[in-house]
Amino acid sequence: MKAKYLALLAALSATSAVQAADALTIDVHRDANCGCCKKWISHLEANGFKVVDHVESNMTAVKQHLGVAPRLASCHTAVIDGKFVEGHVPAAQVLELSKRNDLVGIAVPGMPAGSPGMEVGGVQHAYQVIGLTKAGTDQVIEDYFPR
Ligand SMILES: [Cu+2]
């Protein structure tokens, strides 16, 4: 009886491991000359994501196509599970996004120093991770280094 229960547990955890691996694949769209974009990709890879890198000639068009509101814009734009990830979003919030069905995407607007991929000699500016809801409103997902 106990052995059967353990076998069932093993089968269940094998299934969820496969699903987790699927969810961790992320498409990143970036300009060829963007150095901080490559650093952000390294941050994702270090946190277990499988990154598919796309070099684009027109990032503005990519952002428009994916529904990134201009107020949320940064450098690179990624896509996971059909939702956008704009700018230097930490891996923890990218993971959270993959579980949220009320959001169409998340963003770290601009390029704040101290965000992943924007390490500039230890400088850390306060920044927020903003979620864009299906209703089109902004929602603060996380506050980094608040004053
Ligand atoms: Cu950047």
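Each remark here, short or long, concerns the structure printed above.
Here the structure is a predicted model, which is why all the values come from computation and not from measurement.

(A) Local environment of the sheet that holds strand S5 (residues 103-108). Here we have 7 strands laid out as an open sheet, ordered S2-S1-S3-S4-S5-S6-S7, and mixed in their pairing. A single partner strand is all that each edge strand has here, and the edge strands are strand S2 (50-56) and strand S7 (138-144). Strand after strand, the sheet turns through a mean of 20° between neighbouring axes, direction not considered. Where strand S6 (residues 127-133) and S7 come together, 6 bridges link them in antiparallel fashion. What sits directly across from Ile130, in S7, is Val140. Helix-sheet contacts for helix H2 (residues 35-46) involve strand S1 (25-31) and S2, and the interaxial angle to S2 is about 165°.

(B) Focus on the environment of Lys83. Residue position: Lys83 is located in strand S4 (residues 83-87). C-beta crowding within 10 Å serves as the criterion here: with 20 such atoms nearby, Lys83 is assigned to the buried category. When neighbours within four sequence positions are excluded, Lys83 is seen to be in contact with Leu97, Leu103, Val104 and Gly105.

(C) View of unusual backbone geometry. For Asp81, which is not glycine, the phi torsion reads 50° and is therefore positive. Of note, Asp81 is situated in the loop between strand S3 (77-80) and S4. The class of Asp81 is partly exposed, set by 13 C-beta atoms lying within 10 Å.

(D) Main features of helix H4 (residues 91-99). Burial in H4 covers these residues: Gln93, Val94 and Leu97. Mapping the buried residues of H4 onto a view down its axis gives an arc of 105°, with all of them on the same face. Of the surrounding elements, those touching the buried residues of H4 are S1, S3, S4, S5, S6 and S7.

Rules used throughout
Residues numbered from 1 in each chain as written. Predicted model: local features only at pLDDT ≥ 70, side-chain atom pairs only at ≥ 80, totals over all residues. Pairing = 2+ DSSP bridges. Helix = DSSP H or I, 4+ residues; strand = E, 2+ residues; numbered from the N terminus. Axes fitted to C-alpha atoms, helices over the stretch in contact; angles between N-to-C directions. Contact = placed C-beta atoms within 7 Å. Buried ≥ 20, exposed ≤ 12 C-beta atoms within 10 Å, placed from the backbone. Arc of directions from axis to C-beta.

Just geometry here; none of it tells us what the structure is for.
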